[in-house]
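Chain residues, written in single-letter form:
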Amino acid sequence: EGPIDRKKTPDEISDQPLPLLGDFEWCTVDVTDQKQLEDVFLLLNENYVEDRDATFRFKYTREFFNWSLRSPGWKQDWHVGVRVGSTKKLVAFISAIPVNLRVRDNTVRSVEINFLCVHKQLRGKRLTPVMIKEITRRVNRCDIWYALYTSGTILPSPVSVCRYTHRPLNWSKLHDVGFTHMPSHATRNQMIAKYTLPKATSTEGLRPMEEKDLDEVRLLFEKYQSRFDLVQNFDEAEFKHWFLGNDEKTASNPSSKVIYSYVVENQNGQISDFFSFYSLPFTILNNSVHKELGIGYLFYYASDADLEYADRFSPEATAALKERLCGLMNDACILARDAKMDVFNALTSQDNALFLEPLKFGPGDGFLNFYLFNYRAFPITGGIKDDKSYDTVKRSNVGVVML
Ligand SMILES: Cc1c(C(=O)c2nccn2C)oc2cccc(OCCCNCc3cccnc3)c12
């Protein structure tokens, strides 16, 4: 396991971008300029990933980009765009943010690549490989040689693959928009009853995470994450950014809130657990009644449930963790429902297999493949059972969650 290419230095890398065909020009998007942020927002909301039947399209908000593109150490030069020379219209985008990854026992200074988007009318012009080469060049110039990225499509050699899963929160709306279907043996009311959640959460001491919790939660999180083989290491600033976001702005406008983080404070005032989820709605294409699908995505979590066991992977420790996570994640679904989300999405990564079936998550029809650029690693299990069921617990070794 380890780097694929020989060690290089930035001065070996060209300081000029690759040539672009026709009336296209490279640009660097300044996402602190609301107008340029709007260009990215419009490009992705009209041209980014859709589901297979083109029923839904990701609806990234401006707040989401401010959160995901401006994490600590972010560089404007790594927000790469292609514009039409004559009109300055943004027709392609790709981004990188710096991250510290751990792949088994190796720490790898990397970037995470995300939001690769080419305008629908420019598909098939081989623009994607050129975008990837250009972002690679700009990152290499900063002496970073590795990258993590995900894709719904199969590309050469994924390091891991996880399955999409969904927990309906508002079954009737999901049914109305065609996301979920009525099983032959059930009625509408039976399906609604099946997915109805309690009014209130049940975990004693559960409350929103606050700035004063950060150090304690980061310590709990680092202990928990040590169980996985592919993780992102967060320093203090990164931890604050990813779990508290730039919350002051959303205090005024709750509907634009992106990241939701909660802690469990036990009787003697210690933090025993935490979990988080982010909001990333779908635009519903051609539906007269519903315009948007509210979606919560499970993000990171940690628990001390297994800490008292010498072997954290023993059946006893696993049972204790399973019981704790089932209570926590059921509360996460309740909080997501209260935040007007219609479905709660999770992958089969982390220890999710412990609660997916008990909490009525159903397998989705999508897979998320994880790729490492310029780094060879033995495959890391993504928690997928070979068949559709989750009958036996199949834990995963993927501890990184990509937006
Ligand atoms: C996308 C997505 C979906 C859906 O497509 C979906 N949910 C409700 C209705 N639909 C059609 O369901 C998921 C469950 C877990 C994690 C996920 O995504 C994890 C993060 C994905 N990152 C962005 C991305 C999207 C597609 C391909 N590559 C990257 C998803």
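Quick caveat, the model's predicted, so the values are computed rather than measured.

### A look at the site of the ligand
Part 1 of the argument: In the vicinity of the ligand there are 22 residues, among which His166, Phe179, Phe282, Asn345 and Leu403 approach most closely.
Part 2 of the argument: Leucine 403 has a polar backbone atom sitting 3.0 Å from a nitrogen atom of the ligand.
Part 3 of the argument: Computed on the free molecule, the ligand has an accessible area of 620 Å², of which 92% lies beneath the protein chains in the complex.
Part 4 of the argument: At the level of elements, strand 3 (56-58), strand 7 (146-151), strand 8 (160-168), strand 15 (295-303) and strand 16 (343-347) are the ones that each hand at least two residues to the shell around the ligand.
Part 5 of the argument: Across the shell around the ligand, the residue classes break down as 15 nonpolar, six polar and one charged.

### Quick notes on the pattern of salt bridges
Part 1 of the argument: Inspection of the entire model under this criterion finds 26 salt bridges.
Part 2 of the argument: Close ionic contact of glutamate 292 with lysine 59 constitutes a salt bridge, the shortest N to O distance being 3.9 Å. Note that glutamate 292 is positioned in strand 14 (residues 292-293) and lysine 59 in the loop between strand 3 and helix 2 (62-68), a separation of 233 residues in sequence.
Part 3 of the argument: Judged by its relative accessible area of 34%, glutamate 292 falls in the partly exposed class.
Part 4 of the argument: For lysine 59, a relative accessible area of 22% translates into the label partly exposed.
Part 5 of the argument: Between arginine 395 and aspartate 351 there is a salt bridge whose closest N-O contact spans 3.6 Å. Of the two residues, arginine 395 is situated in the segment after strand 18 (375-376) and aspartate 351 in the loop between strand 16 and strand 17 (362-373); the sequence distance between them amounts to 44 residues.
Part 6 of the argument: Residue classification places arginine 395 among the partly exposed positions, given a relative accessible area of 25%.
Part 7 of the argument: In this structure aspartate 351 comes out as buried when scored by relative accessible area, which is 2%.

Basis of the calculations
Residues numbered from 1 in each chain as written. Predicted model: local features only at pLDDT ≥ 70, side-chain atom pairs only at ≥ 80, totals over all residues. Heavy atoms only, no water. Near = heavy atom within 4 Å. Polar contact = N/O pair within 3.5 Å; in protein donor to acceptor, adjacent residues only side chain to side chain. Areas by Shrake-Rupley, 256 points an atom, 1.4 Å probe, with all protein chains shown as cover. Helix = DSSP H or I, 4+ residues; strand = E, 2+ residues; numbered from the N terminus. Nonpolar A, V, L, I, M, F, W, Y, C, P; charged D, E, K, R; others polar. Salt bridge = Lys/Arg side-chain N within 4 Å of Asp/Glu carboxyl O. Buried < 20%, exposed > 50% of the residue type's maximum accessible area, 1.4 Å probe, protein only.

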